[in-house]
Amino acid sequence: MTINWFKYASPASFYFLAGRMLPYFTALAITLLIVGLYIGFFVAPTDFQQGEAYRIIFIHVPAAWMSMFLYVVMAFWAGVGLAFNTRLSSMVASAIAPTGAMFAFLALWTGAWWGKPMWGTWWVWDARLTSELILFFLYIGFMSLQAAIDDPKRADKAGAVIALVGVVNVPIIYFSVQWWNTLHQGASVSLVQSPKMATAMLSGMLIMTLAAWMYSIVIILIRTRLIILERERHTAWVSELKEGVLE
Amino acid sequence: MIWWIVKRDLLLAMRRRSDVLTTLFFFIIVVSLFPLGVGPEPSILRTMASGVVWVAALLASMLSLGRMFSSDYADGTLEQMLLSPVSLAALVTGKAISHWLVTGVPLVLMAPVLGIQYDLAGDALLVLTLSLLLGTPVLSLIGAIGAALTLGLRGGGVLVSILVLPLYIPVLIFGTGAVEASSAGMEFGAHFSILGALLLVSIVFSPWATAASLRISMS
């Protein structure tokens, strides 16, 4: 038996595969979210230094992790699309960008809400905050470039170039910001946690990260399906789908 | 081949001198606005000087990116360049070099004068100028990628700023860092080394990425 490795590289077959996978990932995302939130709110103990306010880490940390991870995934698929000219890869890359930007924004926003009661300030120019902000800018750049180009083929390729340039730059930016911060030595607060975290806190955070991961998969699959429909709207299979011939 | 492009672009720039001068005056005006905004206190100005001059240089270099390819694109020269058997990366390197000569070098030459406005001492002035000398070519090289990607798009000017400015951040940090280190009496050689490293890395990668972007934009 020969396996056709590229079967699902075709947007049409991926559309149905994604449709079949969606319910499972949705169920996983909801379950993990409920379990994670339950642990976060009821099981995890109150922090003796930070009180109840620390509980925002159950959103904040997963959001920050996902925003960084998704950028790499986005650049990877955009690069695959550029190198092998596979349309689906580029569609997935453009589907990832809004979710990544949303998580970067969420990380910044919840960070500000956390910072206010803890440090007494909404914002410090800490290295991590600054690089998260720059990551957010990179997402915005990718999305605005794609939005400005009408021809989807050119948009895919141009987006891929800027995503790859961004991925090369992310470590450089991260280290330069870190060095800049130590030079300025302005921030008196550091984000370094107390040495040991309670197990319940850690497990709550990890489960919430998995939930965020599953959520991203669900949203990205839905968005990819929509992009497929939009771009393939003139093809035969989409019109068959519209008439209810295909299921 | 690179030199042929540089010579041609310089000749074109000299025929339209006002373009060059506009960028330079933009730089001077932006730098001169800050004291009006924050007050003429010399100690504040001295601490701000490197940051203000560098940010103004970033903006001036970015604003002139649109001209790097657009006139060649409009009159079809760029298409001929793409069709020519010569390596496109080399042509693009020439473009970036001439962009730097036309916009970067005047900024570098002007920087000491503006530094004096900000009450910088002799050493800091020298370091500021040298850091700009090393850093502005990086701006032209990175900017070339953005200029190539946004070629012929609506709202290209604003778009290029969103694409390019985040990538300029390391240059800004180490450029201003060198000046601050020198005015604090610390060693600033490391900053120059990193600026030099950024320059080398961008010389290697940027023409290649720019050439790829041009092919995407022109296809």
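Residues numbered from 1 in each chain as written. Chains lettered and ligands numbered in written order. Predicted model: local features only at pLDDT ≥ 70, side-chain atom pairs only at ≥ 80, totals over all residues.

Draft legend 1. Quick look at the overall build of chain A. In terms of regular secondary structure, chain A is built from seven helices and zero strands. Helices and strands appear in chain A in the N-to-C order α-α-α-α-α-α-α. Its C-alpha atoms give chain A principal-axis dimensions of roughly 60 × 40 × 35 Å. Burial analysis of chain A (247 residues in total) assigns 38% to the buried set. (Helix = DSSP H or I, 4+ residues; strand = E, 2+ residues; numbered from the N terminus. Buried ≥ 20, exposed ≤ 12 C-beta atoms within 10 Å, placed from the backbone.)

Draft legend 2. View of the UniProt feature "transmembrane region" (unreviewed entry) in chain B. Residues and elements named next belong to chain B. Per the UniProt entry, the sites bearing "transmembrane region" (unreviewed entry) are residues 20-38, 44-65, 86-113, 125-151, 158-179 and 191-214 in this numbering. Strand forms 0% of residues 86-113 and helix 93%; the C-alpha atoms that close the span are 41 Å apart. End-to-end, the C-alpha atoms of residues 125-151 are 37 Å apart, and along that stretch the chain is 93% helix and 0% strand. (UniProt positions renumbered as here; feature names shortened; annotations may be inferred.)

Draft legend 3. The arrangement of the packing of helix H3 (residues 87-119) of chain A against helix H6 (residues 199-231) of chain A in detail. Residue and element names in this part refer to chain A. Running from N to C, H3 and H6 point in directions that differ by 130°, and their axes come no closer than 8 Å. Our classification of the angle between H3 and H6 gives oblique. Our pair here, H3 against H6, has a crossing hand that is right-handed. In this structure, H3 contributes Met91, Val92, Ser94, Ala95, Ile96 and Thr99 to the contact, and H6 contributes Ser216, Ile219, Ile220, Arg223, Thr224, Ile227 and Ile228. Of the residues contributing to the contact of H3 with H6, the split by class is eight nonpolar, four polar and one charged. (Axes fitted to C-alpha atoms, helices over the stretch in contact; angles between N-to-C directions. Parallel < 35°, antiparallel > 145°, perpendicular 65-115°, else oblique. Left-handed = near helix turned anticlockwise from the far one by under 90°. Contact = placed C-beta atoms within 7 Å. Nonpolar A, V, L, I, M, F, W, Y, C, P; charged D, E, K, R; others polar.)

Draft legend 4. Fine view of the environment of Ile173 of chain A. On the secondary structure map, Ile173 of chain A appears in helix H5 (residues 152-184). You can call Ile173 of chain A buried: it has 22 C-beta atoms within 10 Å. Remark: the alpha-carbon pair of Ile173 of chain A and Pro117 of chain A, spanning 56 residues in sequence, is separated by 29 Å. Setting aside residues up to four positions removed in sequence, Ile173 of chain A forms contacts with Ser131 and Ile134 of chain A together with Ile169 and Pro170 of chain B.

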